[in-house]
Amino acid sequence: MATRKRTLLKVIILGDSGVGKTSLMNQYVNKKFSNQYKATIGADFLTKEVQVEDRLVTMQIWDTAGQERFQSLGVAFYRGADCCVLVYDVNVMKSFENLDNWRNEFLIQANPSDRENFPFVVLGNKVDIDGGNSRVVAEKKAKGWCTSKGNIPYFETSAKEDLNVEAAFQCIAKNALKNETEEEIYLPDTIDVNNGGSQSKSTCEC
Amino acid sequence: MLVQGAKDGRQVGGEESEVIFVRENVSMHPTQDASQRISGRFRILKQSSSLFMTWIPYTQKGNLKVASDMNNNKSSERDRNLYSIRAVPLAEVKSIWRHTRPLVWQYIIVVLNCGLAFPPLYFHNGGIKELLNKLKEHVHMVRSLDDANLYLLNDVVQDPLQKSLSSLELRDVVPVTSVAVAQNQLLAAISSENGSSKINTAISVSNESTGYEQRKLYSRRVGRQEESRPSAQQSHCEREQMPQSDSKFEETTISDEMASTRVGSFELVESKLNDYSLSVWGRARLPPLENEEWATFLDSEGRVVDSKALRKRIFYGGLGHRLRREVWKFLLGYHQYDSTYMEREELRTKKYKEYKLLKAQWQTISADQAKRFAKFRERKSRVEKDVVRTDRILPFYAGDDNQNVSKLHDILVTYSFYNFDIGYCQGMSDFLSPILFVMEDESESFWCFVALMEHLAPNFNRDQNGMHSQLLAVAKLVELLDSPLHKYLKQADCLNYFFCFRWILIQFKREFEYENVMRLWEVLWTHYLTEHFHLYICVALLKKYRRKIVDEQMDFDCLLRFINGLSGHLNLEAVLRDAESLCILAGDSGVACIPAGTPPSLPVPML
């Protein structure tokens, strides 16, 4: 494998407003949860050093405004992304239904070189609420959607209870790194036609 | 000829004085508006071996455009009186800095020993070289080693003032009307973050009656008892007494970053402000407007007599908190300045009823109906999500079941029915929060919010064109006012200015402490110098950190992070001063960067 030129992984978190994007990011990076976050205006990001297998990489996690009106900003924020995290609230059907829009919007705006195999990860957040009694999106349904979109890895999380957050981001980092690797392979003009997306996904046990 | 030759000063205007130098059509530019220029005759006079400098404006009629109303006439008359230079002894002049540059009007800046400076004197017909040559014949004058355009009179070499002057790179001073390229070089000098060069080049060109007031206020501001000074016999130019020792000089400066480099800002001295303003360069901010003074702006029935003067006063000092509830309604346009107490009370009642009706429109939607009304559910839930995370740290909005949070909710949902096309958008709760905090009353808050959104709703347009036009204007202003930064951002591929998005969308709501947000907004709402003062604030902030941005070679990501990280670390008063100076300096070129209809200007009506 070619020597890496950079070890910065850019990860974009998308999803409807109020599904917990900022909270997930803060829980993962700062190990903190607060009920007092403000609605994100524009965009911001945090970075975290992560060990992925034997590699130390810097993950740059981008948190964006959730209102679809602000999506036109995406062009600036999404470019160069290595992985896109789609978040919905398991208690809000609409936020799940919108995943399709978020995914399409991302592909349009970020315009990754390999649209078919660009790594996404889906998080169903807020599973803690009301002991799960208020959830309206069944896990099965979410997984079904993920499968239909090319086996997108899926996690159920609670940023508040720090449930599954670490595992989810480990997977995100792994997939982002894989995307990086693939880019790397393109650089020296050697195209490996066998290095398909399905294979790359399988290493993430989810 | 329209010259009042006999008015050159009581002491030296008589027969014995000898004219050493005279030049016609020397002018000051109180504003960027060319019609407001004050032209006059500049002379150096000699009387009993002393030299005096005079500049007396021509009388009005026929010389200036006929002003369209009485106010204009009065103010230009007043300006002429204010700015007249009546026989300043050359012994009191510390230095003269000349600006001569091809294609640009020549002007000089005269700095007095006390550290104060006159506004630039433009020599439209040339003659600066002749003036300097003439002076050399009569007074001791040396060229500064640091700056070939700086001439020092009556002076020892390299005192702090001179150092300051040269470090300010005054040679790059350009008139408002001149080319942008030259402006950039000047502004490069301003952006120094450390601002070690401190100088007060302000001058109060006032009359005797206000001089005492000024001194009094000045003493209070710097915490120093002003020594009383016999009224100037030789000089009719009342000046502030600057402490003489170097260290004290430093302490008492008003602005550390921008000195006499601004052109035209001396507009500030007039009428009411004259009583407070130490600095004709506009550096000094005033204390907030309080009740007693507010009363002086009202007639017996409660009308604001001179809304411009009021807006100006607020622009320079803001409002005491207790006054906000009353005065914001004017600034926001909910109350008319010429309305009476009684009319406003009637409006309140009428608007309350109207609000009740609007609110009932959505409150009467039954659960069953809501089930079939996705748009309504969506809007309501969007509002619900945001109000519970809007300024909850503030006691006013803290705690469970907080009534004020409910009010935020109800007002925003009502607004989304009142302005169905825009609906609710993230950022609106940020705008409403301080309004409700100030007004407390739900209906009044709603109408104030409506008035604010008249100007700012385009920030939330679906196509985001309101935001894009403002970001574009910032880009152009930076190109005009800070070309090194512009060049850097261009090569770093950052010209979309998205890193300023939050600043502009919610007008710095997240960048300052709550109290300072209120202060900033009332200053912006005055629309005093421009409707787009917030864009100059963007430029002032970027300029302030330009060195860091460029030195650290920030790319888009770093820049965004850096800018977001400035939140809570900004000095509002300094930013306001800098933005004001930039706005004045940019002048018409600045105006040209901002297309008509750019928010918060009202949209240009479609024909």
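Residues numbered from 1 in each chain as written. Chains lettered and ligands numbered in written order. Predicted model: local features only at pLDDT ≥ 70, side-chain atom pairs only at ≥ 80, totals over all residues. Heavy atoms only, no water.

Going by the annotation in an unreviewed UniProt entry, the name recorded for chain B is TBC1 domain family member 15, with Adiantum capillus-veneris given as the source organism. Entered under Subcellular location (unreviewed entry) in the UniProt record, the comment concerning chain B runs "Cytoplasm". (UniProt positions renumbered as here; feature names shortened; annotations may be inferred.)

Named according to an unreviewed UniProt entry, chain A is Ras-related protein Rab7 originating from Adiantum capillus-veneris. Checking UniProt for chain A, the heading Subcellular location (unreviewed entry) contains the comment "Endomembrane system". What UniProt states about chain A under its Sequence similarities (unreviewed entry) heading is, verbatim, "Belongs to the small GTPase superfamily. Rab family."

A. Structural view of the overall build of chain B. Looking only at helices and strands, chain B has 24 helices and nine strands in total. By residue count, 60% of the 607 residues in chain B fall in the buried class. Nonlocal contacts in chain B, meaning residues at least 24 apart in sequence, comprise 71% of its contacts between residues at least 6 apart. Only carbon and sulfur atoms are counted for the fraction: they give 50% of the accessible area of chain B, which is about 24,800 Å². (Helix = DSSP H or I, 4+ residues; strand = E, 2+ residues; numbered from the N terminus. Buried < 20%, exposed > 50% of the residue type's maximum accessible area, 1.4 Å probe, protein only. Contact = heavy atoms within 4.5 Å. Areas by Shrake-Rupley, 256 points an atom, 1.4 Å probe, with all protein chains shown as cover.)

B. Region of the structure containing the overall build of chain A. A count of helices and strands for chain A gives seven helices and six strands. Each helix and strand of chain A, ordered N terminal to C terminal, gives the series β-α-β-β-α-β-α-α-β-α-β-α-α. By the burial criterion, 56% of the 206 residues in chain A qualify as buried. For chain A, contacts bridging at least 24 residues in sequence account for 73% of all contacts bridging at least 6. When the accessible area of chain A is evaluated, it comes to approximately 9,000 Å², of which 49% is carbon and sulfur surface.

C. Representation of the sheet that holds strand E4 (residues 83–89) of chain A within the structure. Residues and elements named next belong to chain A. Taking strand neighbours across the sheet as the criterion, the six strands line up as E2-E3-E1-E4-E5-E6 in an open arrangement whose pairing is mixed. Sheet topology places strand E2 (43–52) and strand E6 (154–156) at the edges, where each strand pairs with a single neighbour. For this sheet, the mean angle separating the axes of adjacent strands, direction not counted, is 25°. Where strand E1 (residues 8–14) and E4 come together, four bridges link them in parallel fashion. Among the inter-strand pairings, Ile12 is bridged to a residue of E4, identified as Cys84. The strands that helix H4 (residues 99–110) touches are E1, E4 and strand E5 (120–125); relative to E4, the one it contacts most, it runs at about 160°. (Pairing = 2+ DSSP bridges. Axes fitted to C-alpha atoms, helices over the stretch in contact; angles between N-to-C directions.)

D. Structural detail: the interface of chain A and chain B. Of the residues lining the interface, 29 residues belong to chain A; the matching set on chain B comes to 31 residues. When chain A packs against chain B, close to 2,800 Å² is buried across both sides, 52% of that on carbon and sulfur atoms. Contact with chain B buries area across many residues of chain A, yet Lys38, Ile41 and Arg69 of chain A alone supply 26% of it, more than any other trio. For the pair chain A and chain B, the number of links is three salt bridges. Notably, a salt bridge pairs Arg79 of chain A with Asp493 of chain B, separated by 3.6 Å at the nearest N-O pair. (Buried area = accessible area lost by both parts, 1.4 Å probe. Salt bridge = Lys/Arg side-chain N within 4 Å of Asp/Glu carboxyl O.)

E. Seen up close, helix H9 (residues 307–317) of chain B. Residues and elements named next belong to chain B. The element H9 is extensively covered by neighbouring structure, given that nine of its eleven residues are classed as buried. If you check which residues of H9 are buried, you get Ala309, Leu310, Arg311, Lys312, Arg313, Ile314, Phe315, Tyr316 and Gly317. Following H9 by one or two positions, Gly318 adopts a phi angle in the positive range, close to 75°.

F. Quick peek at helix H24 (residues 572–593) of chain B. All names here are of chain B. Relative to the 32 Å expected for 22 residues at 1.5 Å per residue, H24 spans just 24 Å between its end C-alpha atoms, considerably shorter than the ideal helical length. Counting buried positions along H24 yields 17 of 22 residues, so the element is predominantly enclosed. Measuring from the side-chain oxygen of the N-cap residue of H24 to the backbone nitrogen of Glu573 gives 3.1 Å; that N-cap residue is Asn571. (Expected span 1.5 Å × (residues − 1). Polar contact = N/O pair within 3.5 Å; in protein donor to acceptor, adjacent residues only side chain to side chain.)

G. Focus on the pairing of strand E1 (residues 18–28) of chain B. Residues and elements named next belong to chain B. One ladder, built from eight bridges, connects E1 with strand E2 (residues 38–47); its direction is antiparallel. Bridge assignment links Val19 to a residue of E2, and that residue is Leu45. When E1 meets strand E7 (residues 121–123), the two strands line up antiparallel, connected through two bridges. Residue pairing across strands places Val26 opposite Phe123, the latter belonging to E7.

H. Just the pattern of salt bridges, in detail. Under the defined criterion, the tally for this structure stands at 38 salt bridges over all chains. A salt bridge links Asp391 of chain B to Lys38 of chain A; its shortest N-O distance comes to 3.4 Å. You can see Asp391 of chain B sitting in the loop between helix H13 (374–387) and helix H14 (403–418) and its partner Lys38 of chain A sitting in the loop between helix H1 (21–30) and E2, one on each of two chains. When its relative accessible area of 9% is taken as the criterion, Asp391 of chain B is described as buried. Among the residues examined, Lys38 of chain A registers a relative accessible area of 35% and is labelled partly exposed. Glu444 of chain B serves as the salt-bridge partner of Arg348 of chain B, at 3.5 Å between the closest nitrogen and oxygen. Taken together, the positions of Arg348 of chain B in helix H11 (residues 341–363) and Glu444 of chain B in helix H16 (residues 442–456) put the pair 96 residues apart, joining distant regions of the chain.

I. Region of interest: the pairing of E4 of chain A. Residues and elements named next belong to chain A. Most of E4 sits out of view: seven of its seven residues are buried. Along E4, one buried face is formed by Cys83, Val85, Val87 and Asp89 and the opposite face, lined by Cys84, Leu86 and Tyr88, is buried too. Alignment of E4 against E5, held across six bridges, turns out to be parallel. Looking at E5, one finds that Asp89 is bridged to Asn125.

J. Examining the nonpolar core more closely. Ranked by internal contacts, the top residues of the largest apolar core, which has 155 residues, are Phe106 of chain A together with Phe499 of chain B. Ignoring any residue separated from it by four or fewer positions in sequence, one finds Phe499 of chain B in contact with Leu489, Cys494, Leu542, Phe556, Leu559, Leu560 and Ile563 of chain B. Counting residues in hydrophobic clusters, the runner-up holds 30 residues, among them Ile38, Trp55, Val139 and Leu153 of chain B. (Core = buried A, V, L, I, M, F, W, Y, C linked by side-chain atoms within 4.5 Å.)

K. Spotlight on a negative patch on the surface. Judged by side-chain charge, Asp338, Glu343, Glu345 and Glu346 of chain B come together as a negatively charged surface patch. Considering the arrangement of structural elements, one finds Glu343 of chain B in helix H11. (Patch = residues over 30% accessible without salt bridge, like charges linked within 9 Å, V, L, I, M, F, W, Y side chains within 5 Å. Lys, Arg positive; Asp, Glu negative; His and termini not counted. Charge placed at Lys NZ, Arg CZ, Asp CG, Glu CD.)

L. Spotlight on the confidence of the model for chain B. Residue and element names in this part refer to chain B. Per-residue confidence for chain B gives a mean pLDDT of 77, with 70% of residues at or over 70. Low pLDDT, under 50, characterises residues 1–14; the predicted model gives this stretch 28 contacts beyond four residues in sequence or across chains. The model gives residues 62–71 a pLDDT under 50, and that stretch makes seven contacts with residues more than four places away or in other chains. (pLDDT = per-residue confidence, 0-100.)

M. Region of interest: the packing of helix H15 (residues 428–439) of chain B against H16 of chain B. Residues and elements named next belong to chain B. Put simply, H15 and H16 touch, their axes get as near as 9 Å, and they point 140° apart. Of the possible angle classes, the one that applies to H15 and H16 is oblique. Where H15 crosses over H16, the two elements pack in a sense that is right-handed. In this structure, H15 uses Met428, Phe431, Leu432, Ile435, Leu436 and Met439 to contact H16, whose residues at the interface are Ser445, Cys448, Phe449, Leu452, Met453 and Leu456. When its residues are assigned to classes, the contact of H15 with H16 shows eleven nonpolar, one polar and no charged. (Parallel < 35°, antiparallel > 145°, perpendicular 65-115°, else oblique. Left-handed = near helix turned anticlockwise from the far one by under 90°. Nonpolar A, V, L, I, M, F, W, Y, C, P; charged D, E, K, R; others polar.)

N. Focus on the side chain of Asp16 of chain A. Relative to the assigned elements, Asp16 of chain A resides in the loop between E1 and H1. No salt bridge forms around the buried Asp16 of chain A; measuring N to O, its nearest opposite-charge neighbour Arg382 of chain B is 6.0 Å away. Within the structure, the side chain of Asp16 of chain A is placed 2.8 Å from the side chain of Asn98 of chain A, a separation counted as a polar contact.

O. How the structure looks around the environment of Leu289 of chain B. All names here are of chain B. Structurally, Leu289 can be placed in the loop between helix H7 (271–274) and helix H8 (291–296). Put simply, Leu289 and Gly317 are 28 residues apart on the chain and 6.5 Å apart in space, counted from C-alpha to C-alpha. Discounting residues that sit within four places of it in the chain, Leu289 has contacts with Trp294, Phe297, Leu310, Arg313, Ile314, Gly318, Leu319, Gly320 and Leu323.

P. Fine view of the packing of aromatic side chains. Following the criterion strictly, the structure yields 44 aromatic pairs over all chains and no others. With 5.7 Å between their ring centres and 85° between their planes, Phe70 of chain A and Phe501 of chain B make a pair best called edge-to-face. Here Phe70 of chain A, found in the loop between strand E3 (55–64) and helix H2 (74–78), pairs with Phe501 of chain B, found in helix H19 (residues 501–505), and the two come from separate chains. Using a relative accessible area of 2% as the deciding quantity, one classes Phe501 of chain B as buried. Through pairs of rings, three or more aromatic residues link up here, namely Phe45, Trp62 and Phe77 of chain A together with Tyr497, Phe498, Phe499 and Phe556 of chain B. The positively charged end of Lys351 of chain B is found above the aromatic ring belonging to Trp447 of chain B, 4.0 Å away from the centroid. Taking NZ or CZ as reference, Lys544 of chain B lies 5.8 Å from the ring centre of Tyr545 of chain B, over its face. (Phe/Tyr/Trp six-rings, centres within 6.5 Å; stacked < 30°, edge-to-face > 60°. Lys NZ or Arg CZ within 6 Å of the ring centre and 35° of its normal.)

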